[in-house]
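Secondary and tertiary structure notes
So you can see what is in the structure, the chains are spelled out below.
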Amino acid sequence: MTSSDRIKSVPVKPSEITPKHLYNNRRAFLKSMGFLGAGALLAAACGLSTDDRPVPTLDNLMVTNPTSTANGANPDLLPDQLNTIEEIANFNNFYEFTTNKTKVAQLAKDFKTSPWEVEVGGLVGKPKTFGLEELLKFDQEERIYRMRCVEGWSMVIPWEGFPLSRLLNEVEPLSSAKFVRFVSLLDHDQMPGTGNRLYPWPYQEGLRMDEAMNDLTILATGIYGEPMPNQNGAPIRLVVPWKYGFKSIKSIVMIELIEEQPETMWSTIAPQEYGFYSNVNPEVSHPRWSQASERRIGENKRRPTLMFNGYGEEVAHLYEGMDLSVYY
Ligand SMILES: Nc1nc2c(c(=O)[nH]1)N[C@H]1C(S)=C(S)[C@@H](COP(=O)(O)O)O[C@H]1N2
Ligand SMILES: [Mo]
């Protein structure tokens, strides 16, 4: 591979992957099956695990499965298909509730996400606390992104949301702002996992200012055109698709612009394993496992992991001159 091949973008194009009518049919089908809508999401959350699905997935029913997954296939040609709402909403990392991925949905089902406020401040000209209603007034758009967890699994998720840059521009960042710090809600009464003192709560994450302003970086408020399921980070969470999933912090209550690189929860616990940058990179192993491939939820075979998770064209320039061979 040449270095420019290595950073080639592999966009998830819904038109190529799942023709629009199939996507719409899928939504109609999910609705008819009771998988969409607030009550339905809770129904889906109660008791369906990814291993124990009551209905065949639409990928099986309506979309021809990829045949090019044989060994040696060009990873750029492996088709991406949307994960189903039941997959996305029943296999989660949200340690404030539990470290058990298939139990987050149940434990988060009564999580109170309204009223909700996000305080945006720090090195800005116009600090502001946004109510959820105000956040929903930013034009919402659909973004279909791959999500690659550092643990070696991945999904393709149709988010609803808006670029973080639009929110940041509204508060008028000062030129001294170099980093953005994000903080999740910490509520011991609602979040049983936060009783675990091994973790330095609250969950915190950070981005460099230019990463935060990149158009790929969104604040997501929904999935599949429906409000964000609690277990996926309701009512609003970050999505940074070229970085390992833990950077995409859930249930955000504070966004602060600062001068120095912030502490993050994972880099506080294990800096040598979970660096600040944590860009998806198949060539750099986690100290305890390879990052060369991943298991796409819903698929049986592992697929190759892509440099920058396939978003190199959009983001590789952010890291020019940085040594990506060390685990950032
Ligand atoms: N507040 C908070 N945000 C979080 C996490 C968490 O435990 N707490 N887990 C992260 C990890 S490791 C991943 S892979 C993604 C999972 O998002 P999903 O459950 O919506 O797929 O959320 C990230 N955001
Ligand atoms: Mo993750």
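A brief look at the structure comes next. (Residues numbered from 1 in each chain as written. Chains lettered and ligands numbered in written order. Predicted model: local features only at pLDDT ≥ 70, side-chain atom pairs only at ≥ 80, totals over all residues. Heavy atoms only, no water.)

1. Section: the pattern of salt bridges
Where charged atoms from two side chains of opposite charge approach closely, those side chains can pair. Convention followed: Salt bridge, as used here, is a side-chain nitrogen of Lys or Arg placed within 4 Å of a carboxyl oxygen of Asp or Glu. Working definition: helices are DSSP H or I runs of at least four residues, strands are E runs of at least two. Numbering for both runs from the N terminus. Exposure classes here rest on a 1.4 Å probe applied to the protein chains alone. A residue is buried below 20% of its type maximum, exposed above 50%, and partly exposed in between.
This model, assessed by the stated rule, comprises 19 salt bridges. The salt bridge partner of Asp80 is Arg146, with a shortest N-O separation of 2.7 Å. Highlighted residues: Asp80 in the loop between α5 (58–62) and α6 (85–88) and Arg146 in strand β3 (residues 141–148), separated in sequence by 66 residues. In this pair, the class of Asp80 matches that of Arg146, namely buried. As a salt-bridge pair, Glu134 and Lys128 come within 3.2 Å of each other at their nearest N and O atoms. A relative accessible area of 30% means that Lys128 is categorised as partly exposed. Beyond isolated ion pairs, a larger network of salt bridges with shared partners links Asp80, Arg146, Arg148, Glu294, Arg296, Glu299 and Arg303.

2. A short note on the site of ligand 1
Here is the rule we go by: By convention in this text, a residue qualifies as near a molecule or strand provided that one of its non-hydrogen atoms is within 4 Å of it. Polar contact is the term for a pair of N or O atoms within 3.5 Å; when the atoms are in protein, one must be able to donate a hydrogen and the other to accept it, and sequence-neighboring residues count only if both atoms are side-chain atoms. Here the open area of atoms and residues is found with the Shrake-Rupley method and a 1.4 Å probe, where only the protein chains shown may cover a residue. For this classification, the nonpolar set comprises Ala, Val, Leu, Ile, Met, Phe, Trp, Tyr, Cys and Pro, the charged set comprises Asp, Glu, Lys and Arg, and every other residue, Gly included, is treated as polar.
Close to ligand 1 lie 17 residues, the nearest being Tyr95, Glu96, Ser184, Asn232 and Lys250. Measuring from a nitrogen atom of ligand 1, one finds a backbone N or O atom of Asn93 at 3.2 Å. Here an oxygen atom of ligand 1 sits 2.7 Å away from a polar atom, N or O, in the side chain of Lys250. For ligand 1, the accessible surface in isolation is 540 Å², of which the surrounding protein chains cover 98%. Counted by class, the shell around ligand 1 contains eight nonpolar, six polar and three charged residues.

3. A closer look at the nonpolar core
What counts here: Definition of nonpolar core: a set of buried residues of the types Ala, Val, Leu, Ile, Met, Phe, Trp, Tyr and Cys, connected through side-chain atoms within 4.5 Å. In this analysis, two residues are considered to be in contact whenever any of their non-hydrogen atoms come within 4.5 Å of each other.
Counting 81 residues, the largest nonpolar core has Trp159, Leu167 and Ile255 as the members making the most contacts within it. Per-element accounting of this core gives the leading share, six residues, to strand β4 (residues 153–163). Here Trp159 is in contact with Glu141, Glu142, Arg143, Tyr145, Met147, Ile218, Ala220, Gly222, Ile223, Met228, Arg237 and Val239, once residues within four sequence places are set aside.

4. Considering the environment of Glu226
Considering the arrangement of structural elements, one finds Glu226 in strand β8 (residues 226–227). Measuring from C-alpha to C-alpha, the distance between Glu226 and Trp159 comes to 9.2 Å, with 67 residues separating the pair along the chain.

5. Some points on the packing of aromatic side chains
Using the following cut-off: The aromatic pairing rule takes the rings of Phe, Tyr and Trp, using the six-membered ring of Trp, and pairs them if the centres are within 6.5 Å, calling planes under 30 degrees apart stacked, those over 60 edge-to-face and the rest tilted. Two conditions define a charge located above a ring, namely a distance within 6 Å from the ring centre to NZ of Lys or CZ of Arg, and an angle within 35 degrees of the ring normal.
This model, assessed by the stated rule, comprises 17 aromatic pairs. Between Tyr95 and Trp266, the ring centres sit 5.6 Å apart and the planes meet at 75°, which makes this aromatic pair edge-to-face. Here Tyr95 is found in the loop between α6 and α7 (104–107), whereas its partner Trp266 is found in helix α11 (residues 265–269), with 171 residues between them in sequence. Residue Trp266 is classed as buried on the basis of its relative accessible area, which comes to 14%. When the ring of Phe246 is compared with that of Tyr274, the centres are 5.5 Å apart and the planes differ by 85°; the resulting orientation is edge-to-face. Taken together, the residues Phe246 in the loop between β9 (237–239) and β10 (252–258) and Tyr274 in the loop between α11 and β11 (293–296) connect sequence positions 28 residues apart. Here the aromatic residues Tyr95, Tyr199, Trp201, Phe246, Trp266 and Tyr274 are joined through ring pairs into a cluster of three or more. When the ring centre of Tyr311 is taken as reference, the NZ or CZ atom of Arg146 above it lies at 4.8 Å. Geometry around Phe276 places Lys247 over its ring, the cationic atom sitting 4.3 Å from the centre.

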